[in-house]
Amino acid sequence: MDGTNQTAVTEFIFLGFSSVLYLRLTLFVIFLTVYLLSLMGNTLIIFIVLTDVALQTPMYIFLGNLSFLEIWYTTATVPKLLATCLAQVVTISVFGCITQYYFFFSMGATECILLAVMAYDRYLAICSPLRYSVLMSLRVCLQFSAGSWIGGFIAPLLPTILISHLSFCGPQKINHFFCDSDPIFKLSCSDTFLVEALGYTCTSVVILSSFLLTMFSYGYIVVTIIKLSSQKAQRKAFSTCASHLTVVTIYYGTIIFAYVRPPAKYNFTIGKVISVFYCVVTPLVNPLIYTLRNKDVKKAFRKILTRKRLLLTRKMQ
């Protein structure tokens, strides 16, 4: 687009979901409830992992990282989502929009890498149990955790730099509740071909490579479990992996549908609905799955409650 004789845009306006007040208020209550439950659930997992020595193993260190990530992943978008439900006009500066874009995609990439690492950890634990403590030592675990964060924050860096050099001269309305890639590109009056191609390539490579690595790990796990002679051992192994696989299915199912496709085929209405799943729902589902299906986490939580009751009893005496 030709940017001559057009006023440069300094802020954007989020359109959100609906202009109908009662519908916006209903969505506000739903999204706020889910957001608060997500914050509490993920914070609880972090607290349990940090306070229970028995859970300070690679599997639960990765889980603590995932919960910490989910807190910030959802916080990057949900506050603006809630604001669009309450106010008619919700704005964000161009700089704030690009910043939100970077942190959202950084944490999304980090989650992809971390889920692949968690699948690899389960692969080692089930397929090489005798060598697990050597192959996944505390040092290696921390290196994988740090690598997930570093890799995730590097992945969208170049597309973000290119976006920051785009010109925006109107219209200034973003047909979304956060600064997703396609809505930003639609508002630019610069040539976005290069940044769109690079952004699409980066997201596809990160999502598909981590997804394939995750699936390969679980494929080997399934083969190994089938070979186990004991049904009790099979049930235990399947139970350990079931929660991981559920999270992986929900998360990858939505983001592959949203981002692994040609940019020209983007539908804003469908995009907003799908975004709710990986921005709002998944961060709540993760702690629910890991706490409800995991005996160790439930046991540690009961120990914490028992200690609290004992302390209260002593204070009252």
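Every value quoted in this text rests on a predicted model; they were computed, and no experiment measured them. (Residues numbered from 1 in each chain as written. Predicted model: local features only at pLDDT ≥ 70, side-chain atom pairs only at ≥ 80, totals over all residues. Heavy atoms only, no water.)

## Regarding helix α4 (residues 94-127)
Here α4 is 34 residues long and its end C-alpha atoms lie 49 Å apart, about the 50 Å a rise of 1.5 Å per residue gives. Among the 34 residues of α4, 25 are classified as buried, and the element is accordingly described as predominantly covered. (Helix = DSSP H or I, 4+ residues; strand = E, 2+ residues; numbered from the N terminus. Expected span 1.5 Å × (residues − 1). Buried < 20%, exposed > 50% of the residue type's maximum accessible area, 1.4 Å probe, protein only.)

## Topic: the UniProt feature "transmembrane region" (unreviewed entry) in the protein chain
Per the UniProt record, "transmembrane region" (unreviewed entry) is found at residues 12-38, 44-69, 81-103, 149-168, 197-226, 238-260 and 272-292. With 70% helix and 0% strand, residues 149-168 has its two end C-alpha atoms placed 31 Å apart. (UniProt positions renumbered as here; feature names shortened; annotations may be inferred.)

## A short note on a positive patch on the surface
A contiguous patch of positive charge, built from Lys-232, Arg-235, Lys-295, Lys-298, Lys-299 and Arg-302, is present on the exposed surface. Counting residues per element, the ones that place at least two in the positive patch are α10 (231-259) and α12 (295-316). By residue number, the principal contributor to the positive patch is α12, which donates 4 residues. Here Lys-295 is to be found in helix α12. You can call Lys-295 exposed: its relative accessible area is 68%. (Patch = residues over 30% accessible without salt bridge, like charges linked within 9 Å, V, L, I, M, F, W, Y side chains within 5 Å. Areas by Shrake-Rupley, 256 points an atom, 1.4 Å probe, with all protein chains shown as cover. Salt bridge = Lys/Arg side-chain N within 4 Å of Asp/Glu carboxyl O. Lys, Arg positive; Asp, Glu negative; His and termini not counted. Charge placed at Lys NZ, Arg CZ, Asp CG, Glu CD.)

## Thoughts on the pattern of salt bridges
Enumeration according to the criterion identifies 2 salt bridges in this entry. Among the salt bridges present, the one from Asp-52 reaches Lys-303, with a minimum N-O distance of 3.3 Å. Of this pair, Asp-52 sits in the loop between α1 (21-51) and α2 (58-75) while Lys-303 is found in helix α12, placing the two residues 251 residues apart along the sequence. Its salt-bridge partner being Arg-122, residue Asp-121 comes within 2.9 Å of it at the nearest N-O pair.

## Quick word on the state of the cysteines
Enumeration according to the criterion identifies 2 disulfides in this entry. Through a disulfide, Cys-97 is tied to Cys-179; the S-S separation comes to 2.0 Å. The S-S bond linking Cys-97 to Cys-179 shows a torsion near -125°; that makes this disulfide left-handed. Residue Cys-97 is found in helix α4, and its partner Cys-179 is found in the loop between β3 (173-174) and α8 (181-187); the two are separated by 82 residues along the sequence. The buried category is assigned to Cys-179, whose relative accessible area is 0%. Covalent S-S linkage joins Cys-169 and Cys-189, the inter-sulfur distance amounting to 1.8 Å. Across the S-S bond linking Cys-169 and Cys-189, the dihedral sits near 120°, which makes this disulfide right-handed. A residue pair is termed long-range when its members are at least 10 positions apart, and Cys-169 in the loop between α7 (157-164) and β3 and Cys-189 in the loop between α8 and α9 (193-227) qualify at 20 residues. Within the protein chain, bonded cysteines paired by disulfides and numbered along the sequence follow the pattern 1-3, 2-4. There is no disulfide at Cys-202, and the cysteine sulfur nearest it, in Cys-112, is 13 Å away. By relative accessible area, which is 23% here, Cys-202 ends up partly exposed. (Disulfide = S-S within 2.5 Å.)

## A closer look at the environment of Asn-267
Inspection of the secondary structure assignment puts Asn-267 in the loop between α10 and α11 (268-292). What makes Asn-267 partly exposed here is its relative accessible area of 38%. Taking the C-alpha atoms as reference points, Asn-267 and Asp-182, 85 residues apart in sequence, are found 9.4 Å from one another.

## Quick look at the environment of Ser-67
Tracing the backbone through its elements, the reader meets Ser-67 in helix α2. Judged by its relative accessible area of 1%, Ser-67 is buried. In the structure, Ser-67 is positioned 23 residues away from Leu-44 in sequence and 8.9 Å away in space, judged by C-alpha atoms. Among residues more than four places away in sequence, those in contact with Ser-67 are Asn-42, Ile-45 and Ile-46. (Contact = heavy atoms within 4.5 Å.)

## Focus on the nonpolar core
With 83 residues, the main nonpolar core has Phe-12, Tyr-259 and Tyr-278 as its most contacted residues. Sorting elements by how many residues they give to this core places α4 first, with 16 residues. Setting aside residues no more than four positions away along its own chain, Tyr-278 makes contact with Tyr-73, Phe-104, Phe-178, Asp-180, Tyr-251, Thr-254, Ile-255, Ala-258, Tyr-259 and Pro-283. (Core = buried A, V, L, I, M, F, W, Y, C linked by side-chain atoms within 4.5 Å.)

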